[in-house]
Amino acid sequence: MPHADLDIEHPEELIAYMREAGRLEPGETPRIEILAGGVSNKTVFFEPEFGQTLVLKQALAKLRVKADWFSDPARVHREAEGLRALIELAPVGTITPLAFEDERVHLLAMYAVPKPHENWKELLLAGRLESGHVAAFAELLGTIQRRAHERREELAARFADRRFFESLRLEPYYAYAAEHVPEAAGFLHALIAAARARTLTLVHGDYSPKNVLIHKGRLVLLDHEVIHWGDPAFDIGFALTHFLSKAHHLPAQRTAFADAAILFWNSYLEALGEVPWRGDLEACAVRHTLGCLLARVAGRSPLEYLNPDARARQRAAVCALMTSPPPSIPALCGEFLAQL
Ligand SMILES: Nc1ncnc2c1ncn2[C@@H]1O[C@H](COP(=O)(O)OP(=O)(O)O)[C@@H](O)[C@H]1O
Ligand SMILES: [Mg+2]
């Protein structure tokens, strides 16, 4: 089988592969750039002289983190399926169209987000927090989850396989943290059970500013490999964790990031509208926020910008709040800051 062992981070191999697949003219030399930043995939920017610029992704079997962490590279095809669904569900321009996928080499290609663009996480860490971005980020999730719920008959079955959510989120975040923080084990195992039982709508599973590019002031969402039919409170908790951990990390902007978390929640609810599971969503989202705040300091994938002291402080804050979780997202934000 030609190119069965293709490694897209080797430009000569990639060029030969693309030529053979008829995706590159014989005499054409593309500009190739290996993109750093992801931990779970090889990601390469592929710009031919003619034709559209692509980003190619090939899943890694062993993730690029300190702790050993493995996952089936076939998950890149789940991401391709996610791209096909999300482009119909999300607001225009927020999802990159899929160009092609190749199951033999666990590869997908999507159209590149035009340059110039900036990674939202980098903007946030530089202190460039804009409420318009926060509201758009929340509306994007609320819109996807409302529309997916409306199309549940079709989508629940298409995204029923939760293998990658199990192996890339529940195990490394919650189960691993439960092993290392015994006082949180009961809380985290209950959260795992709730996440498995609440199969309500499409869940992105990696809803983080790191997976958002900003081009001409608009957000584009990337990285859909753990998408599944499940508990929307997970995405809310995962996203809020990023605002609250940055509130922790950047004391000068502590209130601004806590306000961003509240704005996120309110804008999300507005975009979500009336769904039958709206009633207990906030309580579940509070618990996933606590779970993710802890997992990002005591799981397999700790936030690199929090130093050991900050990690210990965040862990203690979460453990203090876990015994009787705050009744609302705004209360959670206030109490978390008060604990730091
Ligand atoms: N369609 C795209 N256009 C431009 N840049 C992209 C595109 N897809 C990915 N990237 C860049 O590659 C990085 C890693 O991609 P991502 O899908 O998040 O992979 P990983 O699963 O490894 O985190 C992104 O943060 C972004 O900078
Ligand atoms: Mg990513």
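All values derive from a computational prediction rather than experimental measurement.

## What about the overall build of the chain?
1) Next: From N to C terminus, the chain includes 12 helices and 10 strands.
2) Next: Once the C-alpha set of the chain is aligned to its principal axes, its extents read approximately 65 × 40 × 35 Å.
3) Next: Considering the chain as a whole, with its 340 residues, one finds that 56% of them fall into the buried category.
4) Next: Look at the contacts in the chain between residues 6 or more apart in sequence, and 70% of them connect residues 24 or more apart.
5) Next: Looking at the chain as shown, the accessible area adds up to about 14,000 Å², and 52% of this sits on carbon and sulfur atoms.
6) Next: Where the 37 positive side-chain charges of the chain centre and where its 44 negative ones centre are 3 Å apart.

## Considering the site of ligand 1
1) Next: Among the 21 residues in the neighbourhood of ligand 1, the closest are listed as Asn41, Lys57, Val113, Asn211 and Asp223.
2) Next: With respect to ligand 1, the side chain of Asn41 contributes an N or O atom lying 2.7 Å from an oxygen atom.
3) Next: Between ligand 1 and the protein, one listed contact pairs a nitrogen atom with a backbone N or O atom of Tyr111 at 3.2 Å.
4) Next: Contributions of two or more residues to the shell around ligand 1 are made by β2 (41–47), β3 (54–59) and β5 (107–111).

## Describing the sheet that holds strand β1 (residues 31–35)
1) Next: What the 5 strands build is an open sheet, ordered β1-β2-β3-β5-β4; its pairing is antiparallel. At either end of the open sheet lies a strand with only one pairing partner, and these are β1 and β4 (98–102). Between one strand and the next, the sheet's axes are offset by a mean angle of 20°, whatever the strand orientation.
2) Next: Pairing of β2 with β3 involves 6 bridges; the strand directions are antiparallel. Across the sheet, residue Thr43 finds its bridge partner in β3, namely Lys57.

## Some details on the nonpolar core
1) Next: With 100 residues, the main nonpolar core has Tyr174, Phe243, Phe264 and Tyr268 as its most contacted residues.
2) Next: For this core, the domains that each give at least three residues are domain 1 (11–111) and domain 2 (118–339).
3) Next: When sequence neighbours within four positions are dropped, the list of residues in contact with Phe243 reads Trp120, Leu124, Val134, Phe137, Phe257, Ala260, Ala261 and Phe264.
4) Next: In terms of nonpolar packing, the next biggest core, distinct from the first, is built from 15 residues, Leu14, Tyr17, Leu54 and Ala109 among them.

## Things to note about the domain arrangement of the chain
1) Next: Segmenting the chain into domains produces domain 1 (11–111) and domain 2 (118–339).
2) Next: One C-alpha centre belongs to domain 1, the other to domain 2, and the line joining them spans 26 Å.
3) Next: Of the residues lining the interface, 31 residues belong to domain 1; the matching set on domain 2 comes to 32 residues.
4) Next: Each partner contributes to the roughly 2,500 Å² buried at the junction of domain 1 and domain 2, and carbon and sulfur atoms together form 60% of this total.
5) Next: Looking at the side of domain 1 facing domain 2, the largest losses of area belong to Trp69, Arg78 and Leu89, adding up to 30% of the total buried there.
6) Next: In this structure, the salt-bridge partner of Glu225 is Arg75, at a minimum N-O distance of 3.1 Å.
7) Next: Applying the counting rule to domain 1 against domain 2 returns 10 residue pairs in polar contact (both at pLDDT 80 or more).
8) Next: Sorting elements by how many residues they give to the side of domain 1 that touches domain 2 places helix α2 (residues 75–89) first, with 11 residues.
9) Next: Broken down by class, the residue content of the side of domain 1 that touches domain 2 amounts to 14 nonpolar, 8 polar and 9 charged.

## Observations regarding the sheet that holds strand β6 (residues 118–119)
1) Next: If you trace the 3 strands from one edge of the open sheet to the other, you get β6-β8-β9, paired in antiparallel fashion. In the strand order of this sheet, the two ends are held by β6 and β9 (218–221), each with one partner.
2) Next: Here 2 bridges tie β6 to strand β8 (residues 212–215), and the two strands are oriented antiparallel to one another. Across the sheet, Asn119 pairs through a bridge with Leu213, a residue of β8.
3) Next: Against the sheet, helix α4 (residues 131–150) engages β8 and β9, with an angle of about 45° to β9.

## Description of helix α8 (residues 232–249)
1) Next: Between its first and last C-alpha atoms α8 spans 26 Å; for 18 residues at 1.5 Å apiece the expected length is 26 Å, and the two agree.
2) Next: Among the 18 residues that make up α8, 17 are buried, leaving the element largely enclosed by the rest of the structure.
3) Next: With a side-chain oxygen lying 3.0 Å from the backbone nitrogen of Ala233, the N-terminal cap of α8 falls on Asp231.

## Concerning the side chain of Lys42
1) Next: For Lys42, the position within the fold is in strand β2.
2) Next: Within the structure, Lys42 has its side chain in polar contact with the side chain of Asp7 (distance 3.1 Å).
3) Next: Leaving out residues up to four positions away in the same chain, Lys42 has contacts with Asp7, Ile8, Glu9, Leu56, Lys57, Gln58, Leu60 and Arg64.

## Details of the coordination of the magnesium ion (ligand 2)
1) Next: Asn211 (OD1) and Asp223 (OD) make up the full set of protein donors to the magnesium ion (ligand 2), lying at 2.1 to 2.2 Å. Of this pair, Asn211 sits in the loop between β7 (201–203) and β8 while Asp223 sits in the loop between β9 and β10 (228–230), placing them 12 residues apart in sequence.
2) Next: Here Asn211 falls in the buried class, since its relative accessible area comes to 8%.
3) Next: Here Asp223 falls in the buried class, since its relative accessible area comes to 16%.

## Points about the packing of aromatic side chains
1) Next: As enumerated under the stated definition, the model contains 11 aromatic pairs in all.
2) Next: Residues Phe137 and Tyr207 carry aromatic rings whose centres are separated by 4.3 Å and whose planes lie at 10° to one another, so their mutual orientation is stacked. With Phe137 in helix α4 and Tyr207 in the loop between β7 and β8, this residue pair connects regions lying 70 residues apart in the sequence.
3) Next: Using a relative accessible area of 0% as the deciding quantity, one classes Phe137 as buried.
4) Next: Taken together, a centroid distance of 5.6 Å and an interplanar angle of 35° make the contact between Phe234 and Phe238 tilted. Residue Phe234 and its partner Phe238 are both found in helix α8; the two are separated by 4 residues, about one turn of the helix.

What counts, and at which threshold
- Every residue gets a number counted from 1 within its own chain, in the order that chain's sequence is written.
- Chain labels run from A onward and ligand labels from 1 onward, assigned in the order the entries are written.
- Only residues with pLDDT of at least 70 are given local features in this predicted model, and only at 80 or more are side-chain atom pairs given and counted; all residues enter the totals for whole chains, interfaces and linings.
- Only heavy atoms go into the side-chain values, all of them from the structure, while hydrogens and water stay out.
- Working definition: helices are DSSP H or I runs of at least four residues, strands are E runs of at least two. Numbering for both runs from the N terminus.
- Exposure is judged per residue with a 1.4 Å probe applied to protein chains only, and the accessible area is read against the type maximum: over 50% gives exposed, under 20% gives buried, and values in between give partly exposed.
- Pairs of residues are marked as contacts when any of their non-hydrogen atoms sit within 4.5 Å.
- Accessible surface area values rest on a Shrake-Rupley calculation with a 1.4 Å probe, where residue burial reflects the displayed protein chains alone.
- For this count, His and the chain ends are skipped, Lys and Arg are scored as positive, and Asp and Glu as negative.
- Charge positions come from single atoms, namely NZ of Lys, CZ of Arg, CG of Asp or CD of Glu.
- Consider each residue's heavy atoms; a residue with any of them within 4 Å of a molecule or strand counts as near.
- Two N or O atoms form a polar contact when they lie within 3.5 Å of each other; inside protein one atom must be a possible hydrogen donor and the other a possible acceptor, and for residues adjacent in sequence the pair counts only when both atoms belong to side chains.
- Paired strands are those between which DSSP finds at least two bridges.
- Helix axes use the C-alpha atoms of the stretch in contact, all axes being lines fitted to C-alpha atoms, and the angles between their N-to-C directions lie in the range 0 to 180 degrees.
- Side-chain atoms within 4.5 Å are what join buried Ala, Val, Leu, Ile, Met, Phe, Trp, Tyr and Cys residues into a set we call a nonpolar core.
- An automatic or database domain assignment supplies the start and end points of every domain.
- By buried area we mean the combined loss of accessible area, with a 1.4 Å probe, across both parts when two parts are placed together.
- Any Lys or Arg side-chain nitrogen found within 4 Å of a carboxyl oxygen on Asp or Glu counts as a salt bridge.
- For this scheme, ten residues count as nonpolar: Ala, Val, Leu, Ile, Met, Phe, Trp, Tyr, Cys and Pro. Four count as charged, namely Asp, Glu, Lys and Arg, and the remainder, Gly too, count as polar.
- The span you would expect from a helix comes to 1.5 Å times its residue count less one.
- Distances define the donors: N, O and S atoms within 2.8 Å of the metal qualify, as do those within 3.2 Å of Na, K or Ca. Water is excluded, so some sites may look unfinished.
- Under the pairing criterion, centres of Phe, Tyr and Trp rings, with the six-membered ring standing for Trp, must be within 6.5 Å; the plane angle then separates stacked pairs below 30 degrees from edge-to-face pairs above 60, leaving the rest tilted.

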